[in-house]
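Descriptive analysis of the structure
The primary structure of each chain is shown beneath.
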Amino acid sequence: MKITQETKDLLIDKMNIIQTSGKADICLVGPVNLPVEQGDFSTVFQWYTWLQLDGADNDKDTVLDSLSEANLAFGQQSSVLVYGDFEKSEDALVRMHSICHTGDIFGSKRCDCGYQLHQSMKMIAEHGCGAIFYLADHEGRGIGLFSKSLAYLLQQEGYDTVEANEALGFEDDTRSYEGAIRVLRELRKDPVTLITNNPKKLDALMKHGLAAKDHIPLWGGLTEDNSFYLDTKVKKSGHIPEKNPTLIV
């Protein structure tokens, strides 16, 4: 069934084709008003999603016409939550958050991902301006959910996060931020402050074109179940340790 012109007319203005020389085009969609509630925290974000496009002749009509045959439910798409006047505000916070099915959705305490996601929302709302990039294809540092479950089994046998990934034949970290940085440039031209505990991550992102002037840490979420995981991030991934960590029981 084809999309009608009336439907297209309602959507076209909320779509943007991002073109970069030598790169596949990206279709950015939004903003969508997205009311969010996490415990006692509630606010409204502006939600965008994006899709990397195949082929050379990409336009909005083509994207919409091919939608029902694109099988997008069998892949992952990234998105971003924007708060405040992200385009023009003098100072904006940005969190590049890797998808974590177990931590973000199930509330697993084997990592601190869910805590960091929800705390980033609060930090950005309190700051008055910012964006959370929720990045697909980043599960388990880029190895995928199925492989992550195997890595977890190895961790139960005493492997740390890095050792488990490498034992399965993966590099420690295979994540790409190229698409996210292109979308960020489309939404905002001025530098941002990155929310991260990892200065190496900031350096790597800046080498790939991220306009950032600083970073701020995001501590908390320490439990008995994830203490080994967090310690590994400090010892092997360059994360800044929390000075006076508080254990959540």
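See above for the structure.
Criteria and thresholds
- Residues numbered from 1 in each chain as written.
- Predicted model: local features only at pLDDT ≥ 70, side-chain atom pairs only at ≥ 80, totals over all residues.
- Heavy atoms only, no water.
- Helix = DSSP H or I, 4+ residues; strand = E, 2+ residues; numbered from the N terminus.
- Contact = heavy atoms within 4.5 Å.
- Salt bridge = Lys/Arg side-chain N within 4 Å of Asp/Glu carboxyl O.
- Buried < 20%, exposed > 50% of the residue type's maximum accessible area, 1.4 Å probe, protein only.
- Pairing = 2+ DSSP bridges.
- Axes fitted to C-alpha atoms, helices over the stretch in contact; angles between N-to-C directions.

**Considerations on the environment of Gly179**
Tracing the backbone shows Gly179 in helix 8 (residues 178-187). When the C-alpha positions of Gly179 and Leu51 are compared, they lie 9.2 Å apart, and in sequence the two are 128 residues distant. Apart from the residues within four sequence positions on either side, Gly179 is in contact with Ile26 and Trp50.

**Describing the pattern of salt bridges**
Per the stated rule, a full pass over the model turns up 6 salt bridges. For Lys213, the salt bridge is made with Asp91, and the minimal N-O distance between the two is 3.5 Å. Here Lys213, found in strand 8 (residues 212-216), pairs with Asp91, found in the loop between strand 4 (78-83) and strand 5 (93-98); they are 122 residues apart in sequence, far enough to count as distant. A relative accessible area of 25% means that Asp91 is categorised as partly exposed. Between Asp173 and Arg175 there is a salt bridge; the shortest N-O distance is 2.6 Å. Owing to a relative accessible area of 34%, Asp173 belongs among the partly exposed residues under this scheme. What emerges from the salt-bridge pattern is a single network uniting Lys8, Asp61 and Asp65.

**Considering the sheet that holds strand 5**
If you walk across this open sheet you meet the 8 strands as 1-2-3-4-6-5-7-8, and the pairing is mixed. Of all the strands in the sheet, the pair left with one neighbour each is strand 1 (15-18) and strand 8. Pairwise comparison of adjacent strand axes, ignoring direction, gives a mean angle of 30° for this sheet. In this structure, strand 3 (residues 41-52) lies alongside strand 4, joined through 5 bridges in antiparallel fashion. Pairing of Trp50 across the sheet is with Ser78, part of strand 4. Along the sheet face, helix 4 (residues 113-127) touches strand 2 (26-38), strand 3, strand 4, strand 5, strand 6 (130-135), strand 7 (192-195) and strand 8 and points at about 165° away from the line of strand 5. On the sheet, helix 8 packs against strand 1, strand 2, strand 3, strand 4, strand 5, strand 6 and strand 7 and is oriented at approximately 85° with respect to strand 2.

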